[in-house]
Amino acid sequence: LSAYGLDRSVFFTAYKGYLHLLSQRQVKKPGIITVCDYSQPSSKKRLYVLDLNTGTLLFHTYVAHGKNSGGIYTSSFSNMNSSHKSSLGFMITDDTYFGSNGYSLRFNGLERGINDQVRNRAIVMHGSYYVNAERAMRGTMMGRSYGCPAVPAGEVYEIIETIKGGTCYFAYYPNQWYLNSSAIINAPNFSWPTEGMAVNIATESKIATK
């Protein structure tokens with residue numbers, strides 16, 4: 001995964017949280033995890049959809065952040081309504097609908113005071129034409145949403161169909177307050193092997209055609 005820009009420590013933070021949520025029966029649709037790595041600029045493909053059962057990177061694409069979270073780089077996050085900022089942390093995907101931005105996916109935030117207002121704030125995944133490779137090549141920011149993780153319009157349907165209905169979604173940023181405050185990341189009595197485990201990118205992965 002490091003070849004695609006996802007740091008090992010970010011993946012294992014996401015994976016640890018996924019296993020904790022699985023043990024708490026919060027994950028209704030296991031085996032899929034989405035990592036949104038806001039430590040990377042919006043000009044990079046920083047959204048990763050992983051199939052943990054097959055070790056396949058299903059999607060690797062661009063994703064926007066809230067327009068008040070920063071420019072090309074994110075720097076600020078919020079759980080407050082009308083902040084127009086992105087939220088961090090672990091969420092579970094829920095139902096879909098067709099709205100003003102087309103096919104969209106709702107989230108349920110699992111971390112009190114961090115992202116538990118995402119549903120009330122209407123923070124959803126949707127497609128957008130301002131999220132694309134051309135803007136990335138020009139170095140133009142793609143953080144124009146109201147906090148929604150908007151993805152390229154041509155990919156949104158496949159992505160949502162893959163992750164909807166109860167999969168784990170993790171929005172990461174190296175914010176020390178969040179990393180120290182997250183009850184999921186800091187869940188007690190949890191251990192897992194750090195050696196001998198790898199997620200291999202299968203040759204048939206959809207990333208080969210993106």
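Note that the structure is predicted; figures quoted are calculated from it, not measured.

Colleague: Would you mind going over the sheet that holds strand E6 (residues 124–128) with me for this structure?
Modeller: Backbone hydrogen bonds are what pair the strands of a sheet, in a parallel or an antiparallel way. Spatially, the 8 strands line up as an open sheet ordered E3-E2-E1-E8-E4-E5-E6-E7, and their pairing is mixed. Pairing within the sheet leaves two strands with one partner each, and these edge strands are strand E3 (56–61) and strand E7 (151–152). Pairing of strand E4 (residues 89–99) with strand E8 (residues 168–172), which is carried by 4 bridges, proceeds in the antiparallel orientation. Along E8, the bridge assignment pairs Ile92 with Cys168. Along the sheet, helix H1 (residues 8–23) makes contact with strand E1 (32–37), strand E2 (47–51), E4 and E8, crossing E1 at roughly 140 degrees. Packed onto the sheet, helix H3 (residues 156–163) meets E1, E2, E3, E4, strand E5 (102–109), E6 and E7 and runs at close to 35 degrees relative to E5.

Colleague: Explain the confidence of the model for the chain here, please?
Modeller: For residues with low pLDDT, the predicted coordinates do not support detailed interpretation. With 89% of its residues at a pLDDT of 70 or more, the chain has an overall mean of 89. In the model, residues 193–210 has pLDDT below 50 throughout and makes 31 contacts with residues more than four positions away in sequence or in other chains.

Quick notes on the rules
- Residues numbered from 1 in each chain as written.
- Predicted model: local features only at pLDDT ≥ 70, side-chain atom pairs only at ≥ 80, totals over all residues.
- Heavy atoms only, no water.
- Pairing = 2+ DSSP bridges.
- Helix = DSSP H or I, 4+ residues; strand = E, 2+ residues; numbered from the N terminus.
- Contact = heavy atoms within 4.5 Å.
- Axes fitted to C-alpha atoms, helices over the stretch in contact; angles between N-to-C directions.
- pLDDT = per-residue confidence, 0-100.

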